[in-house]
Amino acid sequence: MENMVNIFLFGKRYAVPENLTIMGAMEYAGYQLVRGCGCRNGFCGACATIYRIRGDRELKACLACQTKVEEGMYIATLPFFPLVKQVYDIEKVNAEESVMMQLYPEIYACIGCNACTKACTQGLNVMQYIAYAQRGEFEKCAEESFDCVMCGVCSSRCPAGISHPQVAMLARRINGKYLAPKTEHLENRVKEIKDGTFNELLEALMAKPVSEMKELYNNREIEK
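Everything quoted here is computed from the prediction, not taken from an experiment. (Residues numbered from 1 in each chain as written. Predicted model: local features only at pLDDT ≥ 70, side-chain atom pairs only at ≥ 80, totals over all residues. Heavy atoms only, no water.)

(A) Layout of the overall build of the protein chain. The helix and strand inventory of the protein chain stands at 10 helices and 5 strands. With the principal axes as the frame, the protein chain shows a C-alpha extent of 60 × 55 × 30 Å. A total of 224 residues make up the protein chain; the buried ones form 33% of that total. Long-range contacts, defined here as pairs at least 24 residues apart, represent 56% of the contacts in the protein chain between residues at least 6 apart. (Helix = DSSP H or I, 4+ residues; strand = E, 2+ residues; numbered from the N terminus. Buried < 20%, exposed > 50% of the residue type's maximum accessible area, 1.4 Å probe, protein only. Contact = heavy atoms within 4.5 Å.)

(B) View of the nonpolar core. Ranked by size, the top nonpolar core spans 27 residues in total, and within it Ile7 and Ile22 carry the most contacts. Counting residues per element, the ones that place at least two in this core are strand S1 (4-9), strand S2 (12-17), helix H1 (22-28), strand S3 (48-53), strand S4 (60-63) and strand S5 (73-77). Top element by residues in this core is H1. It accounts for 4 residues. The residues contacting Ile22, other than those within four sequence positions of it, are Cys62, Ala64, Thr67, Val69, Met73 and Ile75. Formed by 25 residues, the second largest nonpolar core is a distinct cluster that contains Leu103, Leu124, Tyr132 and Ile162. (Core = buried A, V, L, I, M, F, W, Y, C linked by side-chain atoms within 4.5 Å.)

(C) Examining unusual backbone geometry more closely. One non-glycine residue, Phe10, lies in the positive phi region at around 55°. For Phe10, the location among the structural elements is in the loop between S1 and S2. Despite not being glycine, Asn114 shows a phi value in the positive range, around 70°. Relative to the helices and strands, Asn114 is located in the loop between helix H2 (98-103) and helix H3 (115-119).

(D) Structural view of the pairing of S1. Pairing of S1 with S2, which is carried by 6 bridges, proceeds in the antiparallel orientation. For Met4, the partnering residue across the bridge sits in S2 and is Pro17. Once S1 ends, the chain turns through 2 residues before running back antiparallel as S2, passing Phe10 with a positive phi of about 55°. As paired elements, S1 and S5 share 3 bridges and run parallel to each other. Pairing of Leu9 across the sheet is with Ile75, part of S5. (Pairing = 2+ DSSP bridges.)

(E) Local environment of the side chain of His164. Here His164 is to be found in helix H7 (residues 164-179). In contact with His164, not counting residues within four places along its chain, are Cys116, Val126, Tyr129, Ile130, Cys154, Ser155 and Cys158.

(F) Highlighting the sheet that holds S3. On the basis of which strands lie adjacent, the open sheet formed by 5 strands has the order S2-S1-S5-S3-S4 and mixed pairing. The outermost strands of the open sheet, each flanked by one partner alone, are S2 and S4. Strand-to-strand twist of the sheet, defined as the mean angle between neighbouring strand axes without regard to direction, takes the value 35°. Strand direction decides the pairing type here: S3 and S5, joined by 5 bridges, are antiparallel. (Axes fitted to C-alpha atoms, helices over the stretch in contact; angles between N-to-C directions.)

(G) Fine view of the layout of surface pockets. Of the voids in this model, the largest pocket is the one considered here, and its volume is about 230 Å³. Taken together, 17 residues form the lining of the largest pocket, with Met26, Leu33, Arg35, Gly36 and Thr77 sitting closest to its centre. Among the elements of the structure, H1 and S3 are those that each provide at least two residues to the lining of the largest pocket. The residue inventory of the lining of the largest pocket, partitioned by class, reads 12 nonpolar, 4 polar and 1 charged. (1 Å grid on protein atoms, 1.4 Å probe; cavity = no way out; pocket = protein on both sides within 12 Å on 5 of 7 lines; lining within 4 Å. Points joined across faces, edges and corners; volume = space filled by probe spheres on them. Nonpolar A, V, L, I, M, F, W, Y, C, P; charged D, E, K, R; others polar.)

(H) Structural context of the environment of Arg220. In this structure, Arg220 sits in the segment after helix H10 (210-218). Since its relative accessible area comes to 41%, Arg220 is described here as partly exposed. Separated by 2.8 Å, the side chain of Arg220 and the backbone oxygen of Tyr217 make a polar contact. (Polar contact = N/O pair within 3.5 Å; in protein donor to acceptor, adjacent residues only side chain to side chain.)

(I) Spatial organisation of the pattern of salt bridges. A complete count under the given rule lists 9 salt bridges for this structure. The salt bridge involving Arg40 is made with Glu27; its shortest N-O contact spans 2.9 Å. In this pair, Arg40 is assigned in the loop between H1 and S3 and Glu27 in helix H1, connecting sequence segments 13 residues apart. Of the charged contacts, one joins Glu71 and Arg54 as a salt bridge, the two residues approaching to 3.7 Å between their closest N and O atoms. On the criterion of sequence distance, the pair formed by Glu71 in the loop between S4 and S5 and Arg54 in the loop between S3 and S4 is long-range, its members being 17 residues apart. Taken together, the salt bridges that share partners define one network made up of Arg135, Glu137 and Lys140. (Salt bridge = Lys/Arg side-chain N within 4 Å of Asp/Glu carboxyl O.)

Geometric descriptors of this kind do not, in isolation, establish any biological role.
The following block contains the structure:
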């Protein structure tokens, strides 16, 4: 038999195999996951979860699809980790430091506690990219936050109420729109798509049987 551990889901005890993730353990226990799950591989950030281990007072946060169960683990999930998402038109946003003051002024209330970095499920230096955002260094903020999955765990620990993932998203959008070098071949391809250059080709592909589509895909020319 598999080694079993005792965990608590929403206050109720269950014995589950020790090799399961929290998400797998919830399904093993009979829960049907209709919210708070997505890619199941650490990319979408939908399964942010809080837990603590019996005998340990520290409350921890994680992604349920990545974290294995432990003996005496008390687990609770939230439908989402609250973030403030400001509405803006990226075509009208300027690439100056003042945009952060206008949209996310709470970043200037950061006390440097580093709780956001310690909580990050991806191991990102969250406090550092917020510091870049404060100074209007959007390129550095975009680079430092590139692997953010928007789970919101960092924000759940922030005493200043900063919505770190949304700040990072704004910086990446500004960087992509105004600061990063233009890619000529990509712009040409987008124009070709808009002009309908590939419409006939796409219609012909869609008319093919699935078996032929698979064969074309498996034998496609891959650009080096």
